[in-house]
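Each chain is listed here by its residues.
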Amino acid sequence: MSFPSRSTIAQAVLLTAAVATLFGCTTLQRQGESRPPEPAPVATLPPAPAPAPAPVMADRAPPAPGAPAMAREQRAAITASSYAPRPMPMPPPASTAKYTAFSDNPWQRAADQPVSTFSASVDTGSYANIRRFINRGQLPPQDAVRVEELVNYFGFDAPGPEAGERDPFKVRAQVLASPWNADRGLIRIAIKGKDIAKASLPPANLVFLVDVSGSMGPEDRLPLVKSALKLLTAQLRPVDRVSVVTYASGTRVALPPTSGDRKTAINDAIDQLGAGGGTYGEGGLKLAYAQARESFIPEGINRVLLATDGDMNIGETNQETLKKMIEGERKSGITLTALGVGQSNFNEALMKKLADTGNGSYHYLDSLQEAHKVLVNEMTSTLATIAQDLKLQVEFNPATVQEYRLIGYELHALKREDFNNDKVDAGDIGAGHQVTALYEFVPTGAKGSVDPLRYGNEDKAAKDAPRVGRNGELAWIKLRYKPPGQETSQLVELPVMRPRAMPTLASLDADTRFAVAVAAWGQWLRGSSLIGDYGPDQFVPLAREARGEDRYGHRAEFARLAELSASLKR
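Definitions and cut-offs
- Residues numbered from 1 in each chain as written.
- Predicted model: local features only at pLDDT ≥ 70, side-chain atom pairs only at ≥ 80, totals over all residues.
- Heavy atoms only, no water.
- Pairing = 2+ DSSP bridges.
- Helix = DSSP H or I, 4+ residues; strand = E, 2+ residues; numbered from the N terminus.
- Axes fitted to C-alpha atoms, helices over the stretch in contact; angles between N-to-C directions.
- Buried < 20%, exposed > 50% of the residue type's maximum accessible area, 1.4 Å probe, protein only.
- Arc of directions from axis to C-beta.
- Contact = heavy atoms within 4.5 Å.
- Polar contact = N/O pair within 3.5 Å; in protein donor to acceptor, adjacent residues only side chain to side chain.
- Left-handed = near helix turned anticlockwise from the far one by under 90°.
- Nonpolar A, V, L, I, M, F, W, Y, C, P; charged D, E, K, R; others polar.
- Core = buried A, V, L, I, M, F, W, Y, C linked by side-chain atoms within 4.5 Å.
- Phe/Tyr/Trp six-rings, centres within 6.5 Å; stacked < 30°, edge-to-face > 60°.
- Lys NZ or Arg CZ within 6 Å of the ring centre and 35° of its normal.

Trainee: So what's going on with the sheet that holds strand E5 (residues 204-211)? Which residues, and what values?
Mentor: Strand pairs in the sheet, formed through backbone hydrogen bonds, run parallel or antiparallel to each other. The strand order across the open sheet formed by 6 strands is E7-E6-E5-E8-E9-E10, and the pairing between neighbours is mixed. The open sheet is flanked by strand E7 (251-259) and strand E10 (362-364), the only strands paired with a single partner. Neighbour-to-neighbour, the strand axes of the sheet open up by a mean angle of 15°, direction not taken into account. As paired strands, strand E6 (residues 241-247) and E7 are joined by 6 bridges and run antiparallel to one another. Each bridged residue has a counterpart across the sheet, and for Thr 246 the counterpart in E7 is Arg 252.

This is the structure we're talking about:
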């Protein structure tokens, strides 16, 4: 009996491997129907090596009887495997994430522009998104960093309004020395809304609007959303009702209005959600609002919760057009909360725009723990609105303040005349929500950043400013808000008095110190030159010392993130 030569066996093995590879590629193409087939790679066989005499291996034991052929075949297969085609590694998908570009608020001379006006914001998505970047070993894009969302992510211990008070929130103002420039000061404006126990919430009509398009397939998207919605479902009461609407290439009602005590039915509908197809976001929004109108609860909570990576590619995708559609829908008393997920294709610009327009808030879910914070720990804040269209206007006294700048809120700036215009939309405040705004200011006589006007009337402005009883004021704060469901706003006013000596940061409460540490971190992440050399060596220890009670560990986590971000930037 004669055996095939070694070269013949090697060529046969190679040919078999090539055919198997070609057949496997064709099979994969048939299975991947959501993308066009790619041409199959062409396998090239190497030339057969010339026959060579078998080497003499004196140190190896002779093969057992009946085994020489098997040994030669195994050696031939091992030799041939070095020529087998290997799949080329696929590069990571190019990032198409979208963020709204903006520049930091500049210094303003109080004699030229004494009034600053902006809309309140309770969005917190920027912080969770930044955390995702840092935990992956990356610094976030500059436009992903919005300082006010970082500060407002954290809870503060200041009490809300007492029983019997007219306004649904409490406003306070603090003055302190700036930690990054001893010749300047900070004004911290803190707004705390009244809290409502979960049991006291009005009945809720909720529509879970879930993006189930193909881009939602990864674990950090639809699977995370499903788990998050189950957390909220566990909090529902019999008086609540839930609908589930989905959109991909089309739209459908996955669950008609269902009582909150039928948790198994709700969870079963959530479990059935799977990802695939395009992204018809416009159609999903229309169907979700229609469901909310059908189950509308007068004097109740009527809200659409949109969960998506923000990637829309079917139907209307223009931000302004979608904004106008939602503006019309919100007049019916139905609000919109946006829950963002995803990474490379995350359209945060759209998510934030839709939530702000829909009289709701925007949150980014980077983990189930964040979902628990937003939908369980802060459920009343997320769902129940206590004040609508909250606007702030601060007028600085040129006699005591030379310059000022608002830290953050760049995307929420309003015109001065918008403050008294009740038709201009602004931010809404939920039960127990907290809003913090920080101004840095240059006292009159200190070195500023903006040259005075040569032909301006600053001398007259400064002379007229210190009227009777007002030369001890740094600024005058005004707030306008609408009670839920009303069209006419109410006004709240309070002065910011000039202290005899500005207190240092170290002498103030933990909440103020922690808020300043977070604001400094945000400016540092944006690469701002407005805080000088103030950096991680200062704000990381400050954050650690100002942790306070820290019930959920969010402040301790911040200190770790700040330290990690410093190692990435060096």
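What follows continues from the structure just given.
Trainee: Please provide a residue-by-residue account of helix H6 (residues 263-271), values included.
Mentor: Among the residues of H6, those classed as buried are Ile 266, Ala 269 and Ile 270. With its buried residues spanning 100° around the axis, H6 presents them on a single face. As for H6, its buried residues are in contact with E5, helix H5 (222-233), E6 and E7.

Trainee: How would you sum up the environment of Asp 418? Please name residues and give values.
Mentor: Relative to the helices and strands, Asp 418 is located in the loop between strand E12 (401-407) and strand E13 (427-430). According to the relative accessible area criterion, Asp 418 is buried, its value standing at 15%. The contact partners of Asp 418, leaving out residues within four places of it in the chain, are Lys 391 and Val 424.

Trainee: So what's going on with the environment of Thr 337? Residues and values would help.
Mentor: Position of Thr 337 among the secondary structure elements: in strand E9 (residues 335-340). By relative accessible area, which is 0% here, Thr 337 ends up buried. When the C-alpha atoms of Thr 337 and Arg 303 are compared, they prove to be 7.3 Å apart, with 34 residues separating the residues in sequence.

Trainee: Requested: an account of the side chain of Glu 440, with residues and values cited.
Mentor: Take Glu 440: it is sitting in strand E14 (residues 434-443). Its relative accessible area of 0% is what places Glu 440 among the buried residues. Looking at Glu 440, its side chain comes within polar contact range of the side chain of Ser 178, at 3.3 Å. At 2.9 Å, the side chain of Glu 440 and the side chain of Trp 180 are in polar contact.

Trainee: Outline the packing of H5 against helix H10 (residues 368-377), listing residues and values.
Mentor: One way to put it is that H5 packs onto H10 with a least axis distance of 9 Å and a crossing angle of 35°. Remark: the crossing between H5 and H10 carries right-handed chirality. In this structure, H5 uses Leu 224, Ser 227, Ala 228, Leu 231 and Leu 232 to contact H10, whose residues at the interface are Leu 368, Ala 371, His 372, Leu 375 and Val 376. Looking at side-chain class alone, the contact of H5 with H10 contains 8 nonpolar, 2 polar and no charged residues.

Trainee: Account for the sheet that holds E12, naming residues and giving values.
Mentor: On the basis of which strands lie adjacent, the open sheet formed by 5 strands has the order E1-E12-E14-E4-E3 and antiparallel pairing. Sheet topology places strand E1 (108-109) and strand E3 (169-177) at the edges, where each strand pairs with a single neighbour. Summarising the sheet, E3 and strand E4 (residues 185-193) pair through 9 bridges and their orientation is antiparallel. Bridge pairing in E4 places Val 171 opposite Ile 191. Most of the contacts of helix H13 (residues 510-525) go to E4, to which it runs at about 110°, and overall it touches E3, E4, E12 and E14.

Trainee: How would you sum up the pairing of strand E2 (residues 115-119)? Please name residues and give values.
Mentor: In terms of burial, E2 is a largely internal element, 5 of the 5 residues being buried. The alternating pattern of E2 places Val 115, Thr 117 and Ser 119 and Ser 116 and Phe 118 on opposite faces, both of which are buried. Relative to strand E11 (residues 385-396), E2 runs antiparallel, the two sharing 5 bridges. Looking at E11, one finds that Val 115 is bridged to Glu 395.

Trainee: Describe the nonpolar core, naming the residues involved and giving the relevant values.
Mentor: In this structure, Phe 208 and Leu 479 are the most contacted members of the largest nonpolar core, which totals 69 residues. Grouped together as the second largest cluster of nonpolar side chains are 39 residues, Val 151, Leu 176, Val 540 and Ala 566 included.

Trainee: Report on unusual backbone geometry, specifying residues and quantitative values.
Mentor: Of note, Tyr 409 is a non-glycine position whose phi angle comes to about 65°, a positive value. Mapping Tyr 409 onto the fold places it in the loop between E12 and E13. Using a relative accessible area of 1% as the deciding quantity, one classes Tyr 409 as buried. If you check the backbone angles, Asp 550 has positive phi at about 50° while not being a glycine. Position of Asp 550 among the secondary structure elements: in the loop between helix H14 (536-545) and helix H15 (554-569). Residue Asp 550 is classed as buried on the basis of its relative accessible area, which comes to 15%.

Trainee: Just give me the short version of helix H9 (residues 348-357), but keep the residues and values in it.
Mentor: Most of H9 sits inside the fold, with 8 of its 10 residues counted as buried. Three or more residues of H9 are buried, namely Glu 348, Ala 349, Leu 350, Met 351, Lys 352, Leu 354, Ala 355 and Thr 357. Of the surrounding elements, those touching the buried residues of H9 are helix H3 (125-135), helix H4 (147-151), strand E8 (301-308), helix H8 (319-330), E9 and E10.

Trainee: Pulling in residues and values, what's your account of the packing of aromatic side chains?
Mentor: Per the counting criterion, the structure on display carries 17 aromatic pairs. Ring centres of Tyr 127 and Trp 521 lie 6.3 Å apart, and the angle between their planes is 65°; on these two criteria the pair is classed as edge-to-face. Within this pair, whereas Tyr 127 is found in helix H3, its partner Trp 521 is found in helix H13, the two being separated by 394 residues in sequence. Using a relative accessible area of 0% as the deciding quantity, one classes Tyr 127 as buried. For Trp 521, a relative accessible area of 0% corresponds to the buried category. By the ring-pair criterion, three or more aromatic residues cluster together here, those being Tyr 127, Tyr 153, Phe 154, Phe 514, Trp 521 and Phe 558. When the ring centre of Tyr 153 is taken as reference, the NZ or CZ atom of Lys 373 above it lies at 3.9 Å. Here Lys 569 stacks its cationic end above the ring of Trp 524, 4.1 Å away from the centre of that ring.

Treat this as a map of the structure, not an account of what it does.
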